[in-house]
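Coordinates in review
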Amino acid sequence: MQRTCLALLGLLWGLSLPLLAAEPAASADSADPALHTETVDLRQFPPHQVALDAFARNCFDRVITFAKPFADQGDAQMQYMLGVAYALALPQTLRSGQNSARYIQLAAHNGNPYAQWSMGSRAHCRELNSCDDADDWQSKARASWEALARQGNAQAMYFDALKGEGWINYVPWFSRQNQLDKLEKAAEAGSKIAIDEWMTRHREAFKKEGGVRAALIGA
């Protein structure tokens, strides 16, 4: 039982990263203030919209209620969201951990790149029973992000910038420049997390450059 609980904790930690960088349709931009008035009747809103809004606001109990029907019909995005919700909703039980793994697996098999990346993550592939195929799952995730990025999907452009592969990523200077260029395009397409990452990297570069200049002047 103790080993099972530790495994579940590993799964929760591993799923926290994809949650923080959730899919564009479930980002904070999709949160609808009208859904959070004191007298709101959720039945007047499309269930799919309610599920997306709940995920954007980390309302995991509501995600479980409204995403499950779509997930059980094969919606890969809803399956991923439901898997994350089961992992992070409280209280945690063995059953919620099993449900989380099940829906993450379903989402991955149905082509959701965030679920595919989770399946390939060494941090918790054991809980998802996918360690033997971890590299294949991450390759599938990269291919999915690259395809979505070509279609102008801002969040996929962000992940393609950070997780993409190719010869250019093995040459440090070209790799950094390539990532900055891709992050800039993702930011221009509307990814807020790409904007933050791009600005952080530029601040670090400016600090480093300023330090070098100061050292040269002092010398």
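Residues numbered from 1 in each chain as written. Predicted model: local features only at pLDDT ≥ 70, side-chain atom pairs only at ≥ 80, totals over all residues. Heavy atoms only, no water.

As recorded in an unreviewed UniProt entry, the chain goes by the name Sel1 repeat family protein, listed as coming from Proteobacteria bacterium 228.

So, about the nonpolar core. Judged by nonpolar contacts, the single largest core of 44 residues is most densely connected at Val 63, Met 78, Tyr 80, Met 81, Ile 104 and Trp 145. Residue assignment for this core shows that the elements contributing at least two residues are α2 (47-56), α3 (60-72), α4 (76-88), α5 (94-109), α6 (113-120), α7 (134-150), α8 (154-163) and α9 (172-189). In terms of residue count, α4 provides more of this core than any other element does, 7 residues in total. Two domains share this core, each providing at least three of its residues, namely domain 1 (44-162) and domain 2 (172-216). Apart from the residues lying within four places of it in its own chain, the contact partners of Val 63 are Ala 51, Ala 54, Phe 55, Lys 68, Met 81, Leu 82 and Ala 85. (Core = buried A, V, L, I, M, F, W, Y, C linked by side-chain atoms within 4.5 Å. Buried < 20%, exposed > 50% of the residue type's maximum accessible area, 1.4 Å probe, protein only. Helix = DSSP H or I, 4+ residues; strand = E, 2+ residues; numbered from the N terminus. Domains from an automatic or database assignment. Contact = heavy atoms within 4.5 Å.)

Glancing now at the state of the cysteines. Applying the stated rule across the entire model yields 1 disulfide. In this model Cys 125 forms its disulfide with Cys 131; the gap between the sulfur atoms is 1.9 Å. Residues Cys 125 and Cys 131 are joined through a disulfide that is right-handed, its torsion about the S-S bond being 90°. (Disulfide = S-S within 2.5 Å.)

Turning to the packing of aromatic side chains, a few remarks are in order. All told, the structure shown has 7 aromatic pairs when counted by the stated rule. Between Trp 145 and Phe 159, the aromatic rings sit 4.7 Å apart at their centres with planes inclined by 15°, giving stacked as the arrangement. Here Phe 159 lies in helix α8 and Trp 145 lies in helix α7, a separation of 14 residues in the sequence. On the basis of relative accessibility, which here comes to 9%, the residue Phe 159 falls in the buried class. A network of ring pairs unites the aromatic residues Tyr 80, Tyr 114, Trp 117, Trp 145, Tyr 158 and Phe 159 as a single cluster. Lying across the ring of Tyr 103, Arg 102 places its NZ or CZ 4.7 Å from the centre. Positioned over the ring face of Trp 137 is Lys 140, at 4.5 Å from the centre of the ring. (Phe/Tyr/Trp six-rings, centres within 6.5 Å; stacked < 30°, edge-to-face > 60°. Lys NZ or Arg CZ within 6 Å of the ring centre and 35° of its normal.)

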